[in-house]
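Chain residues, written in single-letter form:
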Amino acid sequence: MKSKYYIVVLLLSVVMPTGFSKDKTRGEQKDDKKLEKRGQLEMMINSRDFVFIPRIALPSGMKPVNLATDQYGIKFQPYFIDSYIPFFGRAYSAVGYGNDTGLSFKGKPEKFEIEKNRKTFQVNVIVKGGSDIFRLFLSIGFEGNASLSISSDNRSTISYQGEISAPEKTEIK
């Protein structure tokens, strides 16, 4: 009788833990997705191949401007920067009345530095485009949200809030 009891207990101890093993909890699944997204973002940034999509323009001394469409952006590549974003603010020189095309420039970056901090990536780029030199300071959070500040010799500084995406998904028009 005792041997039957021990066999039943032994079988239950082997079968029970496997039968009641849990899948990952929602919190663990969320953490896994965050880590996966962070890894993908880090790969994009380290390869220097990503797109910044602005959602809000924050001109100096003016109200924020909502940029609801996906037609604006800056495409970062290791050897080429392509920008087409609107400019709201003061132009000092070299911008003719009615001829302003925003911050539309293309060029090879003279400086392209990436630094990883505890909570963000810092990207500093200098691009010479046309008759102006643009200094881009991009702060990227691990979730993909980003803040961009652009200063130049001929215009006032302007900032943008937006997000980072892969270049295959988003094309600048």
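Note that the structure is predicted; figures quoted are calculated from it, not measured.

(A) Expanded view of the packing of aromatic side chains. Enumeration according to the criterion identifies five aromatic pairs in this entry. Both rings, one in Phe 50 and one in Phe 76, keep their centres 4.8 Å apart while their planes meet at 20°; by these two values the pair is stacked. Taken together, the residues Phe 50 in strand 1 (residues 50-59) and Phe 76 in strand 3 (residues 73-77) connect sequence positions 26 residues apart. Overall, the relative accessible area of 0% leaves Phe 50 in the buried class. Between the aromatic rings of Phe 76 and Phe 112, the centroid separation amounts to 6.2 Å while the plane-to-plane angle is 75°, which identifies the pairing as edge-to-face. Residue Phe 76 is located in strand 3, and its partner Phe 112 is located in strand 6 (residues 109-116); the two are separated by 36 residues in the primary sequence. Three or more aromatic residues joined by ring pairs form one cluster here, namely Phe 50, Phe 76 and Phe 112. A cation over a ring is seen here: Arg 38 above Phe 142, with NZ or CZ 3.7 Å from the ring centre. A cation over an aromatic ring shows up here: Arg 155 above the ring of Phe 87, its NZ or CZ 4.9 Å from the ring centre.

What counts, and where the lines are drawn
- Residues numbered from 1 in each chain as written.
- Predicted model: local features only at pLDDT ≥ 70, side-chain atom pairs only at ≥ 80, totals over all residues.
- Heavy atoms only, no water.
- Phe/Tyr/Trp six-rings, centres within 6.5 Å; stacked < 30°, edge-to-face > 60°.
- Helix = DSSP H or I, 4+ residues; strand = E, 2+ residues; numbered from the N terminus.
- Buried < 20%, exposed > 50% of the residue type's maximum accessible area, 1.4 Å probe, protein only.
- Lys NZ or Arg CZ within 6 Å of the ring centre and 35° of its normal.

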